[in-house]
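Notes for the structure review
Each chain, written out:
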Amino acid sequence: MLKVENLSTSYRTIDGDVRVLNRVNFQINENEIFGIAGESGCGKTTLLKVLYDIIDFPLQVDEGRVVLSVKKNGGTVDFETGRIRNAWWKHISYVPQAAQSVLNPITRLKTQFLDSIPEEYRKNETKQQTLDRVAHYLEELSLSPDILEAYPFQLSGGMRQRAIIALATFMSPSVVLADEPTTALDVVVQRGILMMLMRLQRKLKNTLVLVSHDIGVHYQITHRMGIMYSGSLVELGKTADLFREPLHPYTKLLIEALPRIGDKRPRTGIPGRPPALTNPPDGCRFAPRCPYATEMCRKHVPEFREAQPGRFVACHLVQEEASENVR
Ligand code: SF4
């Protein structure tokens, strides 16, 4: 469905190129909710932008590509980096970070819906017929069609977010990319938005790719997830497995830092900070914060390898243990 092959990207700066994604490889399947987690600045949003083919200066792809495969007329059509834009809205759509602020505040929502729906998708409909379909779709999502007459500033943050999600899913795309869709919303509204995304994914049986720094959000709704650190994937697998038995030390610390009901022990968070992308350390980039780091970790970059069926990890320690178990 969505394949990321050996993807490396950088941002151009006056001091030279800064690598933000390092040889990222993974695949996202049809009919799944896939989460991408990690601390701020680890490359999550950049990865999502490249998945959606928003590769505008100063961002550049140094190597690798993304391939979106969609079913069409009984066969499969591939769109790869540079051509994924041809699949926007109909096959792949994007709910950006702070989506509430991407709506034009001085244009009624109905106009923003009409402007976003490509002519070819409206076929020979009049504007009113298209709006009737939009109104019906909003009702299916338990949203009042009255919001079409509203200006964005007349709606609450949660309602604007729901409107953006409705817009992004109106054409039943095969893939929906959502970047921190619940950030800046209160917890009750957050839960409502997550439930809406889950219901939509079940109804459309499509693929939802959810980026969030909040690992609890991934626990609630994703089927599989990838953990990013300093521009690379460090662990990937089924979400339930990752939470039951995290393998990478960074994943372990992220999960241990989660608050739990009834557990009153103070949460300390992960000591230290992610390295500056302008001057990353040699070897494993997590080594300066890792309680298990060895000399080998500081010298050699661990490969992202399958440690268990369907479970990929970039850690020397995990790989040593996996090879000892095989012996
Ligand atoms: Fe820690 Fe070494 Fe694994 Fe990196 S490779 S996470 S430093 S044990």
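A short tour of the structure in this document, coming up. Residue indices follow the written sequence of each chain, beginning from 1 at its first position. Per-residue local features are limited, in this predicted model, to residues with pLDDT of at least 70; the limit for side-chain atom pairs, both in listing and counting, is 80 or more; totals at the level of whole chains, interfaces and linings are taken over all residues. To obtain the side-chain values, all non-hydrogen atoms of the structure were included, while hydrogens and water were left out.

Being near a molecule or strand, for a residue, comes down to having at least one heavy atom within 4 Å of it. With respect to spatial proximity, 13 residues lie near the ligand, and among them Cys 284, Cys 290, Cys 297, Cys 315 and His 316 are the closest. According to the grid-proximity analysis, the pocket containing the ligand is the largest cavity. Considering only residue class, the shell around the ligand consists of 11 nonpolar, 2 polar and no charged. Put plainly, a pocket is an open set of points on a 1 Å grid over the protein atoms alone with protein on both sides within 12 Å along at least five of seven lines, a cavity is a set where a 1.4 Å probe fits but cannot get out, and a lining residue has an atom within 4 Å of a point. To be counted as sitting in a cavity or pocket, a molecule needs more than half of its atoms within 2 Å of that site's grid points. Any residue that is not Ala, Val, Leu, Ile, Met, Phe, Trp, Tyr, Cys, Pro, Asp, Glu, Lys or Arg is counted as polar, Gly included; the first ten are nonpolar and the last four charged.

Taking burial as the measure, the 5 residues of strand E3 (residues 33-37) include 5 buried ones, the bulk of the element. Buried means the residue's accessible area, taken with a 1.4 Å probe over protein chains only, is under 20% of the maximum for its type, while exposed means over 50%, and partly exposed covers the values in between. Only DSSP runs of H or I with at least four residues qualify as helices, and only runs of E with at least two residues qualify as strands; both kinds are numbered from the N terminus onward. Both faces of E3 are covered, namely the face carrying Ile 33, Gly 35 and Ala 37 and the face carrying Phe 34 and Ile 36. Between any two strands, pairing holds if DSSP finds at least two bridges. With 4 bridges joining them, E3 and strand E8 (residues 207-211) adopt parallel strand pairing. Counterpart to Gly 35 in the pairing with E8 is Leu 210.

With that out of the way, let us pick up the packing of aromatic side chains. Whether two aromatic rings pair depends on their centres lying within 6.5 Å, for rings of Phe, Tyr and Trp, where Trp uses its six-membered ring; planes under 30 degrees apart make the pair stacked, over 60 edge-to-face, and the rest tilted. The final tally for this structure, using the stated rule, is 11 aromatic pairs. Taking 5.8 Å as the distance between ring centres and 15 degrees as the angle between the ring planes, the aromatic pair formed by Tyr 151 and Phe 153 counts as stacked. Among the residues examined, Tyr 151 registers a relative accessible area of 25% and is labelled partly exposed. Given the relative accessible area of 57%, Phe 153 is considered exposed. Counting every residue linked through ring pairs, the aromatic cluster contains Tyr 52, Trp 88 and Tyr 94.

Structurally, the position occupied by Ala 184 is in the loop between strand E7 (175-179) and helix H6 (187-204). Spatially, the C-alpha atoms of Ala 184 and Ala 98 are 7.8 Å apart, while their sequence positions differ by 86 residues.

What follows concerns the environment of Thr 268. Looking at where Thr 268 falls in the secondary structure, it is placed in the loop between helix H9 (249-256) and helix H10 (295-299). Measuring from C-alpha to C-alpha, the distance between Thr 268 and Leu 200 comes to 36 Å, with 68 residues separating the pair along the chain.

Along the chain, the position of Thr 239 falls in helix H8 (residues 239-244). Two residues form a contact once any of their heavy atoms are found within 4.5 Å. Here Thr 239 is in contact with His 218, Tyr 219, Thr 222, His 223, Arg 224 and Met 225, once residues within four sequence places are set aside.

With that out of the way, let us pick up empty space enclosed by the protein. The gaps left among the atoms become clear once a water-sized probe is rolled over them. Grid points are joined across faces, edges and corners, and a volume is the space filled by probe spheres set on the points. Summed over all chains, the structure comprises 2 cavities of 30 Å³ or more. In this structure, the largest cavity is lined by 14 residues; those nearest its centre are Pro 249, Cys 284, Cys 290, Cys 297 and Cys 315. Broken down by class, the residue content of the lining of the largest cavity amounts to 12 nonpolar, 2 polar and no charged. Put simply, the second largest cavity is a space of about 50 Å³. Lining the second largest cavity, in full, are Thr 169, Val 176, Leu 197, Leu 200, Gln 201, Asn 206 and Leu 208. Here the element with the most residues in the lining of the second largest cavity is H6; it accounts for 3 residues. Residue composition of the lining of the second largest cavity, grouped by class: 4 nonpolar, 3 polar and no charged.

It is worth spelling out the packing of helix H2 (residues 109-116) against helix H5 (residues 157-169) at this point. Axes, fitted as lines to C-alpha atoms, cover a helix only where it is in contact. Angles between the N-to-C directions of the axes lie from 0 to 180 degrees. At their nearest, the axes of H2 and H5 sit 10 Å apart, and the two run at 25 degrees to each other. If you check the angle between H2 and H5, you find them roughly parallel. Handedness of the crossing formed by H2 with H5: right-handed. Residue-level inspection shows Leu 109, Gln 112, Phe 113 and Ser 116 of H2 in contact with H5, the latter providing Ala 163, Ala 166 and Leu 167. Taken together, the residues of the contact of H2 with H5 break down into 5 nonpolar, 2 polar and no charged. With respect to orientation, any angle under 35 degrees is reported as roughly parallel, any angle over 145 as roughly antiparallel, any angle of 65 to 115 as roughly perpendicular, and every other angle as oblique. Left-handed is the label given to a crossing in which the near helix is rotated counterclockwise from the far helix by less than a right angle, and right-handed is the label when the rotation is clockwise.

So, on to the sheet that holds strand E11 (residues 305-308). On the basis of which strands lie adjacent, the open sheet formed by 8 strands has the order E6-E7-E8-E3-E9-E10-E12-E11 and mixed pairing. Looking at strand neighbours, the two that pair on one side only are strand E6 (92-95) and E11, the edges of this open sheet. Neighbour-to-neighbour, the strand axes of the sheet open up by a mean angle of 20 degrees, direction not taken into account. Sheet topology places E11 next to strand E12 (residues 311-313); 3 bridges connect them, and they run antiparallel. Each bridged residue has a counterpart across the sheet, and for Arg 305 the counterpart in E12 is Val 313. Contacting E3, E6, E7, E8 and strand E9 (224-229), helix H1 (residues 44-51) crosses the sheet at an angle of about 150 degrees to E7. Sheet strands touched by H5: E6 and E7. Its angle to E6, the strand with the most contacts, is close to 170 degrees.

Read from one edge of the open sheet, 4 strands run E2-E1-E4-E5, paired in antiparallel fashion. The open sheet has two edge strands with one neighbour each: strand E2 (16-28) and strand E5 (75-80). Mean inter-strand twist for the sheet, computed between neighbouring axes without regard to direction, equals 20 degrees. As defined by bridge partners, strand E1 (residues 2-13) adjoins strand E4 (residues 59-72) across 8 bridges and the pair is classed as antiparallel. Residue pairing across strands places Ser 10 opposite Gln 60, the latter belonging to E4. Sheet strands touched by H1: E1, E2 and E4. Its angle to E1, the strand with the most contacts, is close to 115 degrees.

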